[in-house]
Amino acid sequence: MNIGIVCYPTFGGSGVVATELAKVLASKGHKIHMMSYAKPARLETLDSNIFYHEVAINAYPLFEYPPYALALASQMVNLIEYENLDLLHVHYALPHATSAYLAKQIMAEKGIHVPVVTTLHGTDITLVGSDPSYKHVVEFSINKSDGVTAVSDYLRRETCERFDIKTDIKVIPNFIDLERFQKSNKSHFKRAICPDGEKVVVHVSNFRKVKRVPEVVTIFDRILKHGIAAKLLLVGDGPERQRTEQQCRDLGICDHVRFLGKLDQVEEVLSIADLFLIPSGSETFGLAALEAMSCSVPVISSNIGGLPEVNVQGETGFLCDLDDIDCMADNAVEILTNPELHSRMSKNARKRAELFNQNLVVNQYEDYYKEVRKELLSVN
Ligand code: GMT
């Protein structure tokens, strides 16, 4: 198939999922046309089946806010027409599903019918999409999509509660490349970071408020106070970085905390991790937790949103109430000081990650594309 995939280019989860999906589909022989306002962060490989089309947003003196949604719709129309797209798959409802609806209507006038699949990821529903300034447009655009998927059952339920949804939402979970995300020997890296054999605690995020990075540091401080020699590796960057750095200074633990910034090879850090912390205030899935689990790292997470669909209480790690820092810290200490428990949870984590094998999940997308396309073509 010729598939148009639209996403945000940033390090956020939806862009990562869209790009990884594009790569797997391309490896299966599909021609993928990616659209975004900048090159997606993980689209680093040269692949003869992937074409990247940057959406040009021309600035005119009249435009205080250049209309990206319209530029994107025009780009979609161009690609449907000249690259014979069979289907548009947009990741993140706003404004991608709206642009897709417009492009679809423009093409329908010319007698060309292209189905639109919208994948809901998270803040497009829980935060931005529910904002009254966007709500009606998001609701309309979801209802006008030919197929809608959500990355977790929690997100499907949440979407139906927040919006008047008249279409079925299919849950297709996020997925993982089990080859890439597996524990590998990085002893040189471990020695460099932990010369005295300290335990390694890792957190990966975009450092937005919702990720609760200061809570990560508080939990880590409790681990240190318990007398465990440990290092905290913080991967990523974002608005909470400065506040977190200040917190480390205030606690006097800067020597134990490393800010590694945005990294492409996250699996290298996860390979030396003993524990992963993700105490998020909202998480529709928690791709970062799945990446850690795939590298055999036990996870301590909050028990909100889609996280319980990924991390299993007492099996792959522990889940605690959002504000229960004691629970997270106590369980962290337990995992780090009980080798038998650690080894069991590491194995279980990898086993659970195998259920999200990218080959299995991408097949679900392919089947869904066929189903949605067949349905649209049967009525036109
Ligand atoms: O907050 C992020 O990590 C970015 C955000 C996005 O929409 O790009 O991520 C959401 O989508 C990811 C991929 O489906 C999920 O794994 C994240 O849980 C979800 N983030 C939130 O719900 C806060």
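A quick note: this is a predicted structure, and the numbers were derived from the prediction, not measured. (Residues numbered from 1 in each chain as written. Predicted model: local features only at pLDDT ≥ 70, side-chain atom pairs only at ≥ 80, totals over all residues. Heavy atoms only, no water.)

## Re the overall build of the protein chain
Helices and strands together make up the secondary structure of the protein chain, namely 14 helices and 13 strands. What you see for the protein chain is a C-alpha radius of gyration of 22 Å, in line with the 21 Å of a compact globule of 380 residues. C-alpha atoms of the protein chain, sized along the principal axes, occupy 70 × 45 × 40 Å. Taking all 380 residues of the protein chain together, 55% fall into the buried category. Across the protein chain, contacts joining residues at least 24 apart in sequence account for 69% of those joining residues at least 6 apart. Entry remark: accessible area of the protein chain is about 16,500 Å², with carbon and sulfur atoms responsible for 50%. If you average the places of the 40 positive and of the 49 negative side-chain charges in the protein chain, the two averages end up 2 Å apart. (Helix = DSSP H or I, 4+ residues; strand = E, 2+ residues; numbered from the N terminus. Rg over C-alpha atoms; globule rule 2.2 N^0.38 Å. Buried < 20%, exposed > 50% of the residue type's maximum accessible area, 1.4 Å probe, protein only. Contact = heavy atoms within 4.5 Å. Areas by Shrake-Rupley, 256 points an atom, 1.4 Å probe, with all protein chains shown as cover. Lys, Arg positive; Asp, Glu negative; His and termini not counted. Charge placed at Lys NZ, Arg CZ, Asp CG, Glu CD.)

## Here's the deal with the sheet that holds strand S13 (residues 317-320)
An order of S10-S9-S8-S11-S12-S13 is seen for the 6 strands of this open sheet, with the pairing classed as parallel. Of all the strands in the sheet, just strand S10 (257-261) and S13 have a single pairing partner and so form its edges. Each adjacent strand pair in this sheet contributes to an overall mean axis angle of 20 degrees, direction not counted. The pairing of strand S8 (residues 199-204) with strand S9 (residues 230-235) spans 6 bridges and is parallel. Residue pairing across strands places Val 200 opposite Lys 231, the latter belonging to S9. (Pairing = 2+ DSSP bridges. Axes fitted to C-alpha atoms, helices over the stretch in contact; angles between N-to-C directions.)

## Notes on the domain arrangement of the protein chain
By domain assignment, the protein chain separates into domain 1 (2-175 + 358-378) and domain 2 (187-356). If you average the C-alpha positions of domain 1 and of domain 2, the two centres end up 31 Å apart. Remark: the boundary between domain 1 and domain 2 carries 1 salt bridge. Arg 42 is the salt-bridge partner of Glu 291, the closest N and O atoms lying 3.1 Å from each other. Elements supplying a minimum of two residues to the side of domain 1 that touches domain 2: helix H1 (13-27), helix H4 (123-126), helix H6 (153-162) and helix H14 (358-379). Within the side of domain 1 that touches domain 2, the residues separate by chemical class into 10 nonpolar, 9 polar and 2 charged. (Domains from an automatic or database assignment. Salt bridge = Lys/Arg side-chain N within 4 Å of Asp/Glu carboxyl O. Nonpolar A, V, L, I, M, F, W, Y, C, P; charged D, E, K, R; others polar.)

## Some details on the nonpolar core
Among soluble globular proteins, nonpolar side chains are generally buried collectively. Formed by 72 residues in total, the largest nonpolar core has its most connected members in Ile 5, Ile 32, Val 202 and Phe 276. Ignoring anything within four residues of it in the chain, the contact list for Val 202 reads Leu 233, Val 269, Leu 270, Ala 273, Leu 275, Phe 276 and Leu 277. Among the nonpolar cores identified, the runner-up in size contains 30 residues, and Val 213, Val 216, Ile 228 and Val 333 belong to it. (Core = buried A, V, L, I, M, F, W, Y, C linked by side-chain atoms within 4.5 Å.)

## Concerning H14
The terminal C-alpha atoms of H14 lie 32 Å apart, and with 22 residues this matches the ideal 32 Å at 1.5 Å per residue to within 8%. The set of residues buried in H14 consists of Gln 358, Val 361, Val 362, Tyr 365, Glu 366, Tyr 368, Tyr 369, Val 372 and Leu 376. On an axial view of H14, the arc spanned by its buried residues comes to 165 degrees, and they lie on one face. Opposite the buried face of H14, at more than 90 degrees from it, the exposed residues are Lys 370, Lys 374, Glu 375 and Ser 378. Two to three positions downstream of the cap, the backbone nitrogen of Asn 359 sits 3.0 Å from a side-chain oxygen, assigning the N-cap of H14 to Asn 357. (Expected span 1.5 Å × (residues − 1). Arc of directions from axis to C-beta. Polar contact = N/O pair within 3.5 Å; in protein donor to acceptor, adjacent residues only side chain to side chain.)

## Points about the pattern of salt bridges
Summed over all chains, the structure comprises 23 salt bridges. Here Asp 323 makes a salt bridge to Arg 212, at a shortest N to O gap of 3.5 Å. Within this pair, whereas Asp 323 is found in the loop between S13 and helix H12 (325-337), its partner Arg 212 is found in the loop between S8 and helix H8 (213-225), the two being separated by 111 residues in sequence. What makes Asp 323 exposed here is its relative accessible area of 63%. Here the salt bridges do not stand alone but share partners, grouping Glu 20, Lys 23, Arg 42, Arg 180, Glu 267 and Glu 291 into one network.

## Examining the site of the ligand
In the vicinity of the ligand, 19 residues are found, and the nearest of them are Ser 14, His 121, Asn 174, Arg 208 and Glu 283. Asn 174 is positioned such that a nitrogen or oxygen atom in its side chain is 2.8 Å from an oxygen atom of the ligand. The separation between an oxygen atom of the ligand and a polar main-chain atom of Gly 286 is 3.0 Å. For the ligand, the accessible surface in isolation is 480 Å², of which the surrounding protein chains cover 94%. At 3 residues, H1 tops the list of elements feeding residues into the shell around the ligand. Counted by class, the shell around the ligand contains 5 nonpolar, 11 polar and 3 charged residues. Counting the residues that make up the shell around the ligand, at least three belong to each of domain 1 (2-175 + 358-378) and domain 2 (187-356). (Near = heavy atom within 4 Å.)

## A short note on the state of the cysteines
What the rule picks out here adds up to 1 disulfide. Across the disulfide, Cys 320 is cross-linked to Cys 327 (sulfur-sulfur distance 2.1 Å). Between Cys 320 and Cys 327, the disulfide has an S-S torsion of -70 degrees and is therefore left-handed. Residue classification places Cys 320 among the buried positions, given a relative accessible area of 1%. No disulfide involves Cys 248; its sulfur sits 5.4 Å from the nearest other cysteine sulfur, which is in Cys 254. Cys 248 sits in the buried class, given a relative accessible area of 1%. (Disulfide = S-S within 2.5 Å.)

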